[in-house]
Amino acid sequence: MKKVLILCDLFPPAFGPRMGYLCKYLAQSDWRPVVVTEKVDSCNFQLLENICEVHEVNFYPLKSSFGRKLQWIGLQALSLFFDYKDYKIKKEAESILHEQKFDLILCSSYRTFPLPATEQLAEQYKIPFIADLRDIIEQYAGDEFISHPIPDIPFVKKWIVNRFRKKSLSIRNRILKKAACVTTISEWHQEWLKQFNPNVYLIYNGYDPELFYPEKIQTGKFIIIYTGRILSLAMRDPTLLFQGLRELASQGVISPDFCRVHWYVDPVSWSLIDSEANKYGVREYMDMKGFVPASAIPHLLNCSSVLLILTNKSTGDGPKGVMTTKLFESMAVRKPILCIRNDEGVLEKTLRKTQAGIAASNVDEVCAFLGAAIQQWKEYGYTSSPVRTDAIEPYSRKGQALQFIQLFNRYSNNMPS
């Protein structure tokens, strides 16, 4: 039995499906994972809980809202001068490394943490490491890579963002050069990261084939569904949807009685949606649903008529190379996917290749796509898309675990002869 120590910023039952599903399928291999991560409140991923040995570091032991805010401020202050979070994660990992022998370290991050801890542990214990970057700072349209809101004080906010960005990129890029290899989630990310390490492998996000598969469920209403967060309108712009709904309503094609848009989002995302929908006079079509457990998502998607992916044009300052997990889960249930707006990049390319839906560039395309889906729903009571099975198989979490295992075998201390 070979062992991999996984350091990651998030892990189920908090968010972090990429590493969660990897560990689920590693259980079927000769690799045993042990995870060290930050303790974060449960975020609906209980279905991936207790799948392997997990050690959590609690940076916010105080439970009150005021206490947690003070802790966050203190943690940010400490992080300005030295990598406090990486120090704590490293100490926890050291206690494990004193008791167990590992063949490889895998670090999964969306920004920088916990890459510094991984680098130090790899050097100290002479273990090769792989860096898995799910998202990177350069892909964002603005300052969405900062997870907490910053007070909008003139000059202060810009200084903080620029300092954080510069420091994070400097640390990340230096460490990537020392990694045995790098894994990431889209062609754009792969090409970008090659300037820091020549060994960059593409392992997409994906769907779990044991959970996501098509079911023909008839529904009494035509339902458009969106799940996830909306960090900003620059990253995810729903304008074409609202314009399309307004046009279809004016033509008498839809009415609020049978056509609904269900938003499974957080309150901050909903405030953006609510405001924009009001601007276009389609607020009465919108329903705020809130987040649901990840275990409920497969049935939810199968009960939909159209699945919505929100993005923006990837050229210029737009989002780069974003390949969200919900795209692959939507493909797996064979539902029509409406991507708004056309990113003119990896999402459009993927939708064309798989025939799973459309990346819309204008209102006419939105209206035509929704009109066809409505006709199908009226005829059968459900919708489906002609997704090619062979085209979506590369996005299976089970298959992606095999890709990771191949890299583990290639770069570990216990390389096969």
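From a predicted model like this one, the values you see are computed outputs, not experimental measurements.

Caption draft 1: Seen up close, the packing of aromatic side chains. Taken as a whole, this structure holds 16 aromatic pairs when the rule is applied. The interplanar angle of 35° and the centroid separation of 4.7 Å between the aromatic rings of F328 and Y395 together place this pair among those described as tilted. Of the two residues, F328 sits in helix α10 (residues 325-332) while Y395 sits in the loop between α13 (389-392) and α14 (397-411), which places them 67 residues apart along the sequence. Take F328 and Y395: they sit in the same class, and that class is buried. Taken together through their ring pairs, the aromatic side chains of Y226, F242, W263 and Y280 make up a single cluster. Directly above the ring of F59 sits K85, whose terminal nitrogen or CZ lies 5.3 Å from the centroid. Geometry around F113 places K85 over its ring, the cationic atom sitting 4.5 Å from the centre.

Caption draft 2: How the structure looks around the pattern of salt bridges. Across all of its chains, the model carries 23 salt bridges by this definition. One salt bridge in this structure joins K279 and E276, with 2.9 Å as the shortest N-O distance. Highlighted residues: K279 and E276, both in helix α8 (residues 267-279), separated by 3 residues, approximately one helical turn. One network of salt bridges, with partners in common, ties together E119, E123, R174 and K178.

Caption draft 3: Quick peek at unusual backbone geometry. A cis amide bond, omega 0°, links F113 with the succeeding residue P114. Position of P114 relative to the elements: it lies in the loop between β4 (104-109) and α4 (115-125). Cis geometry is adopted by the peptide bond preceding R341, which originates at I340 and carries an omega value of -15°. Residue position: R341 is located in the loop between β12 (337-340) and α11 (346-354). Phi is positive for R334, which is not a glycine, with a value near 60°. Note on placement: R334 falls in the loop between α10 and β12. Positioned with a positive phi, Q355 is a non-glycine residue whose angle comes to about 60°. Assignment of secondary structure puts Q355 in the loop between α11 and β13 (357-360).

Calculation criteria
- Here, residues in each chain are numbered from 1, in the same order as that chain's written sequence.
- Where local features are concerned, this predicted model is filtered to residues with pLDDT of at least 70; where side-chain atom pairs are given and counted, the filter is 80 or more; whole-chain, interface and lining totals use all residues.
- Processing note: side-chain calculations cover all non-hydrogen atoms of the structure and skip hydrogens and water entirely.
- When two rings of Phe, Tyr or Trp (its six-membered ring) have centres within 6.5 Å they constitute a pair, described as stacked for plane angles under 30 degrees, edge-to-face for angles over 60, and tilted for the intermediate range.
- By definition, any uninterrupted DSSP run of H or I lasting at least four residues is a helix, any uninterrupted run of E lasting at least two residues is a strand, and each is numbered from the N terminus.
- Relative accessibility thresholds used throughout: buried, under 20% of the residue-type maximum; exposed, over 50%; partly exposed, between the two (1.4 Å probe, protein chains only).
- Here, over-ring charges are defined by two tests on the NZ atom of lysine or the CZ atom of arginine: distance to the ring centre within 6 Å, and angle to the ring normal within 35 degrees.
- Should a side-chain nitrogen of Lys or Arg be within 4 Å of a carboxyl oxygen of Asp or Glu, the pair is scored as a salt bridge.

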